[in-house]
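# Topology and contacts: notes
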Amino acid sequence: MSLDGVMIFAAGFGTRMRPLTNHMPKPMVPLLGRPMIDYAIDAARDAGAKTIVANLHYKPDTLSSHLVARGVIPVLEAPDILDTGGGLLNARAHFRNDTVCTMNPDAVWDGPNPLGFATTHWDPDKMDALLVTIDPNRAIGSESPVNLGINDEGRLFWGSDVIYGGVQIIKLSTLDSITEKTFSLRLVWDHLMAQGRCAGCVYPGRWSDVGHPGGIALAEALLRDSHHA
């Protein structure tokens with residue numbers, strides 16, 4: 001699969017990151033002197049993405065200017081935030097192809113490019129969504145739930161073995177049956193799991209959760225290790 005479009009979810013309120021997000025959106029919180037969203041943008045560019053879109057809602061002005069300067073298309077959600085599924089649906093017109101990657105910016109990856117890793121496991125004949133998951137033993141500073149499992153055929157289910165890493169490939173057509181304007185992608189995953197069309201792959205490297213203040217120092221240490229490896 002050649003990577004065409006990437007959606008970065010950047011509209012959240014960053015409640016776990018307070019007080020740092022009292023005056024800035026979470027994607028602009030710095031890691032080693034750079035806004036954390038820059039690492040997601042770099043990963044998308046390195047994976048060959050032609051179109052990168054990010055949704056905005058909370059304190060959007062500074063983030064929007066930063067994204068435009070980096071060649072990312074900002075899509076403002078106003079007056080209401082639309083959650084992940086609604087946000088992706090709202091940005092759909094910016095993508096040329098039905099298949100896109102989505103990425104959360106509040107994680108650091110040490111190993112292969114997670115977007116490129118996902119594309120090597122993507123099989124559109126068998127999957128409508130593919131989630132990149134993390135072995136809890138390779139998750140650093142994680143406050144994310146260990147709530148997924150992968151069966152012997154690579155199909156994903158709600159379980160207790162792995163963590164969702166925040167990167168996926170999904171077909172936009174899977175949103176067609178959703179009538180709500182505001183909804184989580186978990187609703188889509190539930191439908192696809194029931195059909196056996198939601199797959200998972202386990203990332204071989206390390207992953208750090210940067211969704212809370214305590215994760216910043218750990219993520220920065222991982223970045224330093226990665227750059228010196």
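Please refer to the structure higher up on the page.
Definitions and limits used
- What you see as residue numbers is a count from 1 along each chain, following the sequence as written.
- Two thresholds apply to this predicted model, a pLDDT of at least 70 for residue-level local features and 80 or more for giving and counting side-chain atom pairs, whereas whole-chain, interface and lining totals are computed over all residues.
- Neither water nor hydrogens contribute to the side-chain values; these are computed over all heavy atoms in the structure.
- Buried Ala, Val, Leu, Ile, Met, Phe, Trp, Tyr and Cys residues form a nonpolar core when they are joined through side-chain atoms within 4.5 Å.
- The buried label goes to any residue with under 20% of its type's maximum accessible area, the exposed label to any with over 50%, and the partly exposed label to all in between, with areas taken from a 1.4 Å probe on protein chains only.
- Counting from the N terminus, the helices are the DSSP runs of H or I reaching at least four residues and the strands are the DSSP runs of E reaching at least two.
- Residues count as neighbours in contact if any of their non-hydrogen atoms are within 4.5 Å of one another.
- In what follows, a disulfide is any cysteine sulfur pair within 2.5 Å.
- Axis geometry follows a simple rule: fit a line to the C-alpha atoms, using only the stretch in contact for helices, then measure angles between N-to-C directions, giving values from 0 to 180 degrees.
- Our angle categories are set so that under 35 degrees counts as roughly parallel, over 145 as roughly antiparallel, 65 to 115 as roughly perpendicular, and the remainder as oblique.
- Crossings are classed by handedness, with left-handed meaning an anticlockwise turn of the near helix from the far one by less than a right angle and right-handed meaning a clockwise turn.
- Note on residue classes: Ala, Val, Leu, Ile, Met, Phe, Trp, Tyr, Cys and Pro are nonpolar, Asp, Glu, Lys and Arg are charged, and everything else, Gly too, is polar.
- For Phe, Tyr and Trp, where Trp contributes only its six-membered ring, two rings pair if their centres lie within 6.5 Å, and the inter-plane angle classes them as stacked under 30 degrees, edge-to-face over 60, or tilted in between.
- Criterion for a charge above a ring: Lys NZ or Arg CZ within 6 Å of the ring centre, and within 35 degrees of the ring normal.
- Each cavity reported here is a set of points on a 1 Å grid over the protein atoms alone in which a 1.4 Å probe fits but cannot get out, each pocket an open set with protein on both sides within 12 Å along at least five of seven lines, and each lining residue one with an atom within 4 Å of a point.
- Grid points are joined across faces, edges and corners, and a volume is the space filled by probe spheres set on the points.
- For two strands to be treated as a pair, DSSP must find no fewer than two bridges joining them.
- For this analysis, a polar contact is any N or O atom pair within 3.5 Å, provided that within protein one partner can donate a hydrogen and the other can accept it, and provided that sequence-adjacent residues contribute only side-chain to side-chain pairs.

### With respect to the nonpolar core
- Residues Val6, Ile8, Leu67, Trp109, Leu115 and Val132 are the most contacted members of the largest nonpolar core, which totals 37 residues.
- Element by element, the count of residues in this core is highest for helix H1 (residues 36-46), at five residues.
- Apart from residues no more than four positions distant in its own chain, Ile8 is found in contact with Ile37, Ala40, Ile41, Ile52, Val53, Ala54, Asn55, Met103 and Pro105.
- Of all hydrophobic cores here, the second largest spans 25 residues; its members include Met7, Val75, Val188 and Leu192.

### Thoughts on the state of the cysteines
- Under the definition given, this model contains zero disulfides.
- Here Cys201 stays free of any disulfide, with the sulfur of Cys101 as its closest cysteine sulfur at 10 Å.
- We classify Cys201 as buried; its relative accessible area is 4%.

### Quick notes on the packing of H1 against helix H2 (residues 60-69)
- Between H1 and H2, the least distance of the axes is 12 Å, while the angle of their chain directions is 30 degrees. Relative to H2, the element H1 lies roughly parallel. The hand of the H1/H2 crossing is right-handed. The residues of H2 that touch H1, namely those facing Ile37, Asp38 and Ile41, are Leu63, His66 and Leu67.
- Residues of the contact of H1 with H2, tallied by class, amount to four nonpolar, one polar and one charged.

### Details of the packing of aromatic side chains
- The tally for this structure, following the rule as stated, stands at five aromatic pairs.
- Among the aromatic residues, ring-to-ring pairing joins Trp109, Phe117 and Tyr203 into one connected group.
- Across the ring face of Tyr39, the terminal group of Arg34 is positioned such that the distance to the ring centre comes to 5.0 Å.
- The ring of Trp158 is capped by Arg186, whose NZ or CZ atom sits 4.1 Å from the centre of that ring.

### Details of the layout of surface pockets
- Estimated volume of the largest pocket: approximately 980 Å³.
- Taken together, 36 residues line the largest pocket, and the ones lying closest to its centre are Arg16, Lys26, Thr84, Asn104 and Asp106.
- The set of elements that each furnish at least two residues to the lining of the largest pocket consists of helix H3 (83-90), strand S12 (163-171), helix H5 (185-195) and strand S14 (206-209).
- Broken down by element, the residue count for the lining of the largest pocket peaks at five residues, all from S12.
- Across the lining of the largest pocket, the residue classes tally to 16 nonpolar, 12 polar and eight charged.
- Roughly 360 Å³ of internal volume is contained in the second largest pocket.
- Looking at the lining of the second largest pocket, the elements that each hand over two or more residues are H1, strand S7 (107-110) and helix H6 (214-228).

### Some words on the sheet that holds S7
- With mixed pairing, three strands are arranged side by side in an open sheet as S7-S14-S9. Each edge of the open sheet is held by one strand with a lone partner, namely S7 and strand S9 (139-140).
- Two strands pair when backbone bridges link them, and S9 and S14 are joined in this way by two bridges, in the parallel orientation. The residue bridging Ala139 from the neighbouring strand is Trp207, located in S14.

### Brief notes about the environment of Arg206
- With respect to the helices and strands, the residue Arg206 is situated in strand S14.
- Overall, Arg206 belongs to the partly exposed group, its relative accessible area being 31%.
- Along the chain, Arg206 and Gly111 lie 95 residues apart, while their C-alpha atoms are 6.5 Å from each other.
- Dropping the residues within four chain positions of it, Arg206 is found in contact with Val108, Trp109, Asp110, Arg138, Ile140, Leu222 and Asp225.

### Let's talk about the side chain of His57
- Relative to the elements of secondary structure, His57 occurs in the loop between strand S4 (51-56) and H2.
- Residue His57 is classed as buried on the basis of its relative accessible area of 17%.
- Polar contacts involving the side chain of His57 include one to the main-chain carbonyl oxygen of Glu77, which spans 2.6 Å.
- If we skip the residues at most four places from it in the chain, His57 touches Ala11, Phe13, Leu76, Glu77, Pro79, Asp80 and Ile81.

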